[in-house]
Amino acid sequence: MKIRDAKVFVCCPGRNFVTLKIWTDQGIYGLGDATLNGRELAVASYLSDHVIPCLIGRDPSQTEDIWQYLYRGAYWRRGPVTMSAIAAVDMALWDIKGKALNTPVYNLLGGKSRTGVLVYGHANGQDIEQTVDEVAKYKEMGYLAIRAQTGIPGLPSTYGVAGDKLFYEPAEKGLPPENSWSTEKYLLHVPKLFEALRLKFGDDLHLLHDVHHRLIPIEAARLGKSLEPHHLFWLEDAVTAELQEGFRIIRKHTTTPLAVGEVFNAVWDAHILITEQLIDYLRMTVVHSGGLTHLKKIAALAEIYHVRTGSHGATDLSPVAMAAALHFDISVNNFGIQEYMRHTKETDEVFPHAYSFANGYLHPGDSPGLGVDYDEVLGAKLPYERAYLPVNRKLDGTMFNW
Ligand code: CS2
Ligand code: MG
């Protein structure tokens, strides 16, 4: 079997997605997600202009060699654009491999290690009361794990809290929206949210929170300590993690479990965090971390150090990435949890898929390959619309982390 052709599709069913489709000379095709929120066209061009010409004629079963060829052959290694492009190729090749062998991809990754993939949903509200009501709604939907984010008194907006939409879609059309931030207000308010949630829902519900890169290590240590009575499932992205060693300070002060890594794209972004056991969950994904081939290797390293997976799964990862993630999640031994922000109906129509939700778990389905498709006709009617993630400034105007 040979790769005959490949094409990149950019569509916008309410938000932009980049999809790679690879055809073989035996009529089988595979799909890969290449969506990088706010920088979609960079990955589309990386694939169309630089990668696809090198793929034609290759044997699609050679997932390892093609991964190494694209990683080492780029010379300029790593980074979200490069690794998302490599990821899209990798996902599509695993999709082809599963279809050619007439088996779901998870059977090629070690088979099912569990009956379902535990997921968490996103509850958010303008204030504590509204957030408590939203958590109740997600509990009603059957979620066993729920991330809670709330507005901060005195701040016009904050991460994770939608305006008038049920789900929080961070990217907005036009130029980057500007958010404002106060660490002091945030640190005083968040413990009150989780005190209210534990009071209302008791101890069994898994509660998660995303700090979204907004603290420095000693502030994260303070927040982790203040949340210990509410035993969170995890505290995510407590600080930006270019300085992996910074997590040593947090670890020294608190037992609140730490999750990080949705913005990582290669094992070297996390190797100190893993080998020094500075984190409990690794958030890296099949789409931004080089695909299934690389993520399997990262999970194997993490397993040695008691670190579990907790892959990112926001709506800016397409259903192709979600499908691939579930084949990884259901097979890897040190699986922790999978984020699951539901896509809109419009998105699901463009990306029909086999995965399904029931009682707090996702199931990848048993279709050969990844179990997801791309409707080219529908996608063509929904052209790309430039959109940006917000930027964030402190109240005095200082540029900060969004
Ligand atoms: C967030 C994401 O889901 C999460 O944990 O950090 O929603 C993130 O803000 C977006 O993926 C950015 O595009
Ligand atoms: Mg996050």
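The structure we're discussing is the one just above.
Residues numbered from 1 in each chain as written. Chains lettered and ligands numbered in written order. Predicted model: local features only at pLDDT ≥ 70, side-chain atom pairs only at ≥ 80, totals over all residues. Heavy atoms only, no water.

Within this model, the largest pocket holds a volume of roughly 960 Å³. Each residue belonging to the lining of the largest pocket can be placed in one class, and the counts come to 17 nonpolar, 10 polar and 11 charged. When we break the lining of the largest pocket down by domain, the ones giving at least three residues each are domain 1 (3-103) and domain 2 (108-370). (1 Å grid on protein atoms, 1.4 Å probe; cavity = no way out; pocket = protein on both sides within 12 Å on 5 of 7 lines; lining within 4 Å. Points joined across faces, edges and corners; volume = space filled by probe spheres on them. Nonpolar A, V, L, I, M, F, W, Y, C, P; charged D, E, K, R; others polar. Domains from an automatic or database assignment.)

This paragraph deals with the pairing of strand 4 (residues 117-125). Burial within strand 4 is extensive, with 9 of its 9 residues counted as buried. Side chains Val117, Val119, Gly121, Ala123 and Gly125 of strand 4 all project onto a buried face; the interleaved residues Leu118, Tyr120, His122 and Asn124 project onto the opposite face, where all are buried too. Inspection of the sheet shows strand 4 paired to strand 15 (residues 361-363) by 2 bridges, in the antiparallel sense. Its bridge partner lying in strand 15, Val117 is registered against Leu362. Handedness of the β-α-β unit built from strand 4, helix 4 (residues 128-140) and strand 5 (residues 145-150) comes out right-handed. (Buried < 20%, exposed > 50% of the residue type's maximum accessible area, 1.4 Å probe, protein only. Helix = DSSP H or I, 4+ residues; strand = E, 2+ residues; numbered from the N terminus. Pairing = 2+ DSSP bridges. Right-handed = clockwise from strand over helix to strand, strands pointing away.)

This part is about the environment of Leu273. Here Leu273 is to be found in helix 8 (residues 271-275). Using a relative accessible area of 0% as the deciding quantity, one classes Leu273 as buried. For the pair formed by Leu273 and Val307, sequence separation is 34 residues and the distance between their alpha carbons is 9.3 Å. Once residues lying within four places of it in the same chain are set aside, the contact partners of Leu273 are Gln244, Phe247, Val260, Phe264, Leu278 and Ile279. (Contact = heavy atoms within 4.5 Å.)

Moving on: the site of ligand 1. Surveying the vicinity of ligand 1 reveals 15 residues, the closest of which are Asn37, His212, Glu262, Arg283 and Glu339. Between ligand 1 and Glu236, the relevant distance is 2.9 Å, taken from an oxygen atom to a side-chain nitrogen or oxygen of the residue. Glu339 places a polar side-chain atom, nitrogen or oxygen, 2.4 Å from an oxygen atom of ligand 1. Contact with the protein chains covers 95% of the free accessible surface of ligand 1, which is 340 Å². A majority-of-atoms criterion places ligand 1 in the largest pocket. Along the lines of polarity and charge, the residues of the shell around ligand 1 split into 4 nonpolar, 4 polar and 7 charged. (Near = heavy atom within 4 Å. Polar contact = N/O pair within 3.5 Å; in protein donor to acceptor, adjacent residues only side chain to side chain. Areas by Shrake-Rupley, 256 points an atom, 1.4 Å probe, with all protein chains shown as cover. Sits in = over half its atoms within 2 Å of the grid points.)

Attention shifts here to the packing of aromatic side chains. With the rule as written, the count across this model stands at 15 aromatic pairs. Centre to centre, the rings of Trp181 and Tyr186 are 4.9 Å apart; their planes meet at 45°, and the pair counts as tilted. Pair check on accessibility: Trp181 and Tyr186 agree, each one buried. Clustering of aromatic rings is evident, with ring pairs tying together Phe9, Phe17, Phe351 and Tyr374. (Phe/Tyr/Trp six-rings, centres within 6.5 Å; stacked < 30°, edge-to-face > 60°.)

Among the structural elements, Ala162 can be located in the loop between strand 5 and strand 6 (172-173). You can call Ala162 buried: its relative accessible area is 5%. The sequence separation of Ala162 and Thr150 amounts to 12 residues, and the corresponding C-alpha distance is 9.5 Å.

Over its 21 residues, helix 3 (residues 80-100) extends 30 Å from the first C-alpha to the last, a length consistent with the 30 Å expected when each residue adds 1.5 Å. In terms of burial, helix 3 is largely enclosed, as 17 of its 21 residues are buried. Phi turns positive one or two residues past the end of helix 3, at Asn102, with a value near 55°. (Expected span 1.5 Å × (residues − 1).)

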